[in-house]
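# Architecture and fold: a report
Residues per chain, in single letters:
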Amino acid sequence: MLEIFNVSRHHTNSAIAKAVKSLSQYGISSVVQDRFIDFLQNQDERFLFHVNPHLIADRLQLAEREALNLLVVALKEGIVSLNWDIQCPKCLRVDLALEKLGDIKTTHTCPCLDCRHTHESDADRQVRVAFSIDNRLRSLSPEANDPAFRDRIDAHYGVVSGHRLLTLQMFRELFPRETIPPNESLLIRQVTILFTDLAGSTSLYNEKGDPQAYSLVRQHFNFLFAIVDEHNGAVIKTIGDAIMATFTSSDDGVKAAIAMQAKMRDFNRSFASENQQLILKVGVHTGPCICVNLNDRSDYFGTTVNTAARVQGLSKGNDIVFTASSRSQSFAIEDIDGYIYEESSVILKGLSDPISVLRMIAK
Ligand SMILES: [Zn+2]
């Protein structure tokens, strides 16, 4: 018996090692691969069933974003499965029955027979993501499902919300069509939305001709996408020369906007004349919205999105306009070198009340 067990264990271990080594194609370093192999081969089964990504980040010594990127590429390669779990706000039990994002509906009813509470599927508070080892790689015994163990881990590390995974660029890139069902919506309590656009792009296209102008626009898209990703955000879509990106934290959104304008200044230094330069306009706003399925992709709708677009419309170029709702909690914007500030109160089209906006203008 022991021999059969050892043979099967050996087979599982080599399958895990082979699968994880395939992650080199995504740029996962061999050091991280080795730690991940050790984790998947040797951890107690409870660590491999609906496990909190923060626990994996801790064990593999990775930042949250690095761990989520690793898990998403591992999902793509069939090493792990992704679990969209929903916690009932009344009895606090977690429903593990949903197998994919496409199973989430606008409202959720707690499966506990003594609760049956119906609540909104709130992507910030109730919906959380977890990962399990794919059962084709290692099958787990029923003991792997230990709710008390998971509760202790979640209390210690904090959960990763569904909203956070929807805001991971790697997830959107590898699973562009993974979204909620049509006609359903997911409540997002707080999202920071950043819109950019290029000023005077019509004259740029006129002056340089379409292919050369588009090549410049393409280059600017490439670095804006990279900056959004580095700041824990995701590009939801491009609209002409504009992008719409989302962040779970307003600090990340404002820092991304500052990094974008710094990068634009470097980019523009390579041009001989001023009329060849790309002028970036940026607006940032924070508030609640809904995530919906539009043409089989996740998109965001609501007053917050419309307001963010109008705030971007207040930007004149080489500046950043953001609302009081996006004002940083953790760093003083006034301390950032190279900018002067204007604060004003404006009434945006379609809104009845004035809102306070801050404009950072590069000196
Ligand atoms: Zn319940």
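Residues numbered from 1 in each chain as written. Predicted model: local features only at pLDDT ≥ 70, side-chain atom pairs only at ≥ 80, totals over all residues. Heavy atoms only, no water.

Take the environment of E178 next. Locating E178 in the fold gives a position in the loop between α7 (169–174) and β7 (185–199). Judged by relative accessible area, which is 25%, E178 ranks as partly exposed. For the pair E178 and S298, spaced 120 residues apart in the sequence, the C-alpha separation amounts to 7.6 Å. In this structure E178 touches K100, L101, F171 and S298, once residues within four positions along its chain are discounted. (Helix = DSSP H or I, 4+ residues; strand = E, 2+ residues; numbered from the N terminus. Buried < 20%, exposed > 50% of the residue type's maximum accessible area, 1.4 Å probe, protein only. Contact = heavy atoms within 4.5 Å.)

Attention now moves to the packing of aromatic side chains. In this description, an aromatic ring pair is defined by two values, namely the gap between the centres and the angle between the planes. Applying the stated criterion across every chain, the model contains five aromatic pairs. Between F223 and F267, the aromatic rings sit 5.2 Å apart at their centres with planes inclined by 65°, giving edge-to-face as the arrangement. Residue F223 is located in helix α9 (residues 210–230), and its partner F267 is located in helix α10 (residues 250–269); the two are separated by 44 residues in the primary sequence. Overall, the relative accessible area of 12% leaves F223 in the buried class. Each residue in the set W84, F171 and F175 is aromatic and connected to the rest through ring pairs, giving one cluster. Looking at R46, its charged tip hangs above the ring of F149, at a distance of 4.3 Å from the centre. Sitting above the plane of the F175 ring, K76 keeps its charged end 5.1 Å from the centroid. (Phe/Tyr/Trp six-rings, centres within 6.5 Å; stacked < 30°, edge-to-face > 60°. Lys NZ or Arg CZ within 6 Å of the ring centre and 35° of its normal.)

Here the focus is the pairing of strand β12 (residues 319–323). The buried fraction of β12 is high, at five of five residues. By the alternation rule, side chains of β12 split into D319, V321 and T323 and I320 and F322, which are all buried. Where strand β10 (residues 279–294) meets β12, four bridges bridge the pair, whose relative direction is parallel. In the sheet register, V282 faces β12, and the bridge partner there is I320. Relative to strand β14 (residues 355–362), β12 runs antiparallel, the two sharing five bridges. Counterpart to V321 in the pairing with β14 is R359. (Pairing = 2+ DSSP bridges.)

Quick look at the domain arrangement of the chain now. Structurally, the chain comprises domain 1 (2–169) and domain 2 (181–362). Each of domain 1 and domain 2 was reduced to a C-alpha centroid, and the two centroids are 33 Å apart. Across the contact, 19 residues belong to domain 1 and 24 residues belong to domain 2. Across the domain 1-domain 2 interface, the total number found is two salt bridges. (Domains from an automatic or database assignment. Salt bridge = Lys/Arg side-chain N within 4 Å of Asp/Glu carboxyl O.)

The subject of this paragraph is the nonpolar core. Counting 62 residues, the largest nonpolar core has F36, I79 and W84 as its most contacted members. The greatest single-element share of this core, amounting to eight residues, is contributed by helix α4 (residues 64–76). When residues of this core are assigned to domains, at least three map to each of domain 1 (2–169) and domain 2 (181–362). Ignoring any residue separated from it by four or fewer positions in sequence, one finds F36 in contact with V20, L23, L60, L70, L71, A74, I79 and V80. With 33 residues, the next largest nonpolar core counts V228, I258, M264 and L280 among its residues. (Core = buried A, V, L, I, M, F, W, Y, C linked by side-chain atoms within 4.5 Å.)

On to the coordination of the zinc ion. Every protein donor of the zinc ion is listed here as C88 (SG), C91 (SG), C110 (SG) and C115 (SG), and their distances to the metal cover 2.3 to 2.4 Å. Coordination at the zinc ion is tetrahedral: its four donor atoms span angles of 103 to 115° at the metal. Linear spacing of the donor residues for the zinc ion on their chain is C-x2-C-x18-C-x4-C. Assigned by exposure class, C110 and C115 land together as buried. (Donors = N, O, S within 2.8 Å, 3.2 Å for Na, K, Ca; no water. Tetrahedral: all angles 85-135°; square planar, octahedral: opposite > 155°, others 65-115°.)

Below, the discussion takes up a nonpolar patch on the surface. On the surface, I290, L294 and F301 cluster together into a nonpolar patch covering about 230 Å² of accessible area. Along the chain, F301 falls in strand β11 (residues 297–301). Exposure remark for F301: the relative accessible area of 38% places this residue in the partly exposed category. (Patch = residues over 30% accessible without salt bridge, like charges linked within 9 Å, V, L, I, M, F, W, Y side chains within 5 Å. Areas by Shrake-Rupley, 256 points an atom, 1.4 Å probe, with all protein chains shown as cover.)

Listing the buried residues of helix α8 (residues 201–208) in full gives S201, L204 and K208. Angularly, the buried residues of α8 cover 50° about the axis, an arc narrow enough to put them on a single face. In this structure, α8 carries T202 and N206 as exposed residues pointing more than 90 degrees from its buried face. Where α8 is buried, its residues touch β7 and α9. Immediately beyond the C-terminal end of α8, within one or two residues, lies G209, with a positive phi of roughly 85°. (Arc of directions from axis to C-beta.)

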